Amino acid sequence: MKFQRPRGTNDLTPEQSPLWRYLRHLFEQISTQFGYVGVDTPVFERTELFTRTVGEDTDVVAKEMYTFADRKGRSLSLRPEATAGVVRLVVENSLLASGGTHRLCYWGPMFRYDRPQAGRYRQFHQLGVEAFGTGGAALDAETIELFVTLLREVGLSDLKVTLGSVGDDACRPGYIEILRKFLAGKGDVLCKTCLTRTGSNPLRVFDCKVPGCREAIADAPKILDHLCDDCRTHMDHVGELLQTAGISVEIDPSLVRGLDYYTRTVYEVHYPSLGAQSALGGGGRYDGLVEQCGGPATPAVGFSAGIERLILAIQSEGTLSEKDWKSRGAYLCLMCAGAEAAGGRIAAHLREAMPVEVDYTGRGLKAQLKTANNRGARFAILLGEDEIANRTATLKDLDSGEQKVLSEEQLLTLIKTWIAGETRQSGL
Ligand code: AMP
């Protein structure tokens, strides 16, 4: 019997994993440089955490969540996004008691039951940051700058950063009434879901993908025309700070994000050449969420980015090459019986300097060298009867094809010298 992975999921194969590892390492490096510390939350939470925060009327909760009862009948859901869980973590662990700013970041799988297509999966991965403690525009701008720094570092520079606002308690209720009145006049063309949302949560009508609804709301009143001064100033200031940091932004009046907890300034980062699914990520402020989850009233902002999309963009643009993410090591070819002990000794030494893979298959040298090349190894180290008898090893440079016989000590010294030279050349 042969099994297949569930629809909308992906395997991370040995071929793909080095790039993922590289990206994760880079994200950890950059977020550390910006002062963000990694956290991890469970992949499932109580369903209520999401219905109450992301919102019952959102597509994510109403249509896409994997919800199940555990053996005691408690309703749990696979996390469709990370912010709600991180806010729960922050409150449950009383992280905000000390005041000040708290900067957190994460990386992990998320789950949404959506129609799978290129760049859209049922299990996908997000990296993201959440920053708690100040409501000023500088913190929003910082999260965007971190995101853009990561994207530029992997060679994606042709970005479109859009800013919008979803208002706050002062201006959103007034706008919602105006929108509701507008939608009431479209009752005969809106889909059933939009009709319900017109009553319960009219902002979510903007998330509808039904062509008739999209057409009907094309000339709907825009929240940007109804913002209070504080919200407007906040969004404009985020834009100014980013311009100063060398990041140009566009204002998008129809940017409302798909989740209920957002307040004030929201943003998205697109990579237009990805086509239909061009959003690499998005985020915004959620100044009421911590309090809503039982914590002290604390303004906060964050973003999440889709890792599969990022990988697609990197690969389709060819902005990085294998050289960037593959660490090239040594491949140890054992060519006679009894070579394991010497091989183990040499491998243990060399691993201080570079990755070493040992071939125990006992195949002929040609087959072993073929594997070494397929692995992208930098060196092959050959251990046959002569080498064992003389406590030597033959080092083969797989780029130039040259080879020489060295003592075990010379071998380690030479490899270390070579690595130091490479490091100097790459300017590290
Ligand atoms: P969202 O908060 O829904 O805008 O998601 C943030 C980012 O996660 C998006 O811009 C995408 O890059 C990614 N993303 C969201 N849903 C999916 C999905 N079903 N499959 C793959 N990536 C996704």
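How each quantity is defined
- Residues numbered from 1 in each chain as written.
- Predicted model: local features only at pLDDT ≥ 70, side-chain atom pairs only at ≥ 80, totals over all residues.
- Heavy atoms only, no water.
- Near = heavy atom within 4 Å.
- Polar contact = N/O pair within 3.5 Å; in protein donor to acceptor, adjacent residues only side chain to side chain.
- Helix = DSSP H or I, 4+ residues; strand = E, 2+ residues; numbered from the N terminus.
- Nonpolar A, V, L, I, M, F, W, Y, C, P; charged D, E, K, R; others polar.
- Buried < 20%, exposed > 50% of the residue type's maximum accessible area, 1.4 Å probe, protein only.
- Arc of directions from axis to C-beta.
- Pairing = 2+ DSSP bridges.
- Axes fitted to C-alpha atoms, helices over the stretch in contact; angles between N-to-C directions.
- Disulfide = S-S within 2.5 Å.
- Right-handed = clockwise from strand over helix to strand, strands pointing away.

A.B. asks: Describe the site of the ligand, with residues and values.
C.D. replies: Close contacts around the ligand come from 13 residues, with R112, Y121, Q126, R257 and A279 the closest. Contact between the ligand and R112: an oxygen atom at 2.8 Å from a side-chain N or O atom of the residue. With respect to the ligand, the backbone of A279 contributes an N or O atom lying 3.0 Å from an oxygen atom. For the shell around the ligand, the element with the most residues is strand β10 (residues 279–285), which contributes 3 residues. Partitioned by chemical class, the residues of the shell around the ligand number 4 nonpolar, 5 polar and 4 charged.

A.B. asks: Please set out helix α13 (residues 340–350) residue by residue, giving values where relevant.
C.D. replies: Listed in full, the buried residues belonging to α13 are A342, G343, I346, A347 and L350. For α13, the angular spread of the buried residues around the axis is 130 degrees, confining them to a single face.

A.B. asks: Account for the sheet that holds strand β2 (residues 44–46), naming residues and giving values.
C.D. replies: Reading across the sheet, the 3 strands line up as β2-β4-β3 and stay open at both edges, with antiparallel pairing between neighbours. The strands lining the two open edges of the sheet, one partner per strand, are β2 and β3 (67–69). Sheet twist, expressed as the mean angle between neighbouring strand axes with direction ignored, is 35 degrees. Alignment of β2 against strand β4 (residues 75–78), held across 3 bridges, turns out to be antiparallel. For R46, the partnering residue across the bridge sits in β4 and is L76.

A.B. asks: I'd like a description of the state of the cysteines, backed by residues and values.
C.D. replies: A covalent bond bridging the sulfur atoms of two cysteines is what the word disulfide describes. Enumeration according to the criterion identifies 0 disulfides in this entry. Residue C208 stays outside any disulfide, its sulfur separated by 3.6 Å from that of C194, the closest cysteine. No disulfide involves C333; its nearest neighbouring cysteine sulfur is the one of C336, lying 12 Å away.

A.B. asks: Could you give an account of the pairing of strand β13 (residues 356–359), naming the residues involved and the relevant values?
C.D. replies: In this structure, strand β12 (residues 330–334) lies alongside β13, joined through 4 bridges in parallel fashion. Bridge pairing links C333 to D359 in β13. For the crossover from β12 across α13 to β13, the handedness is right-handed.

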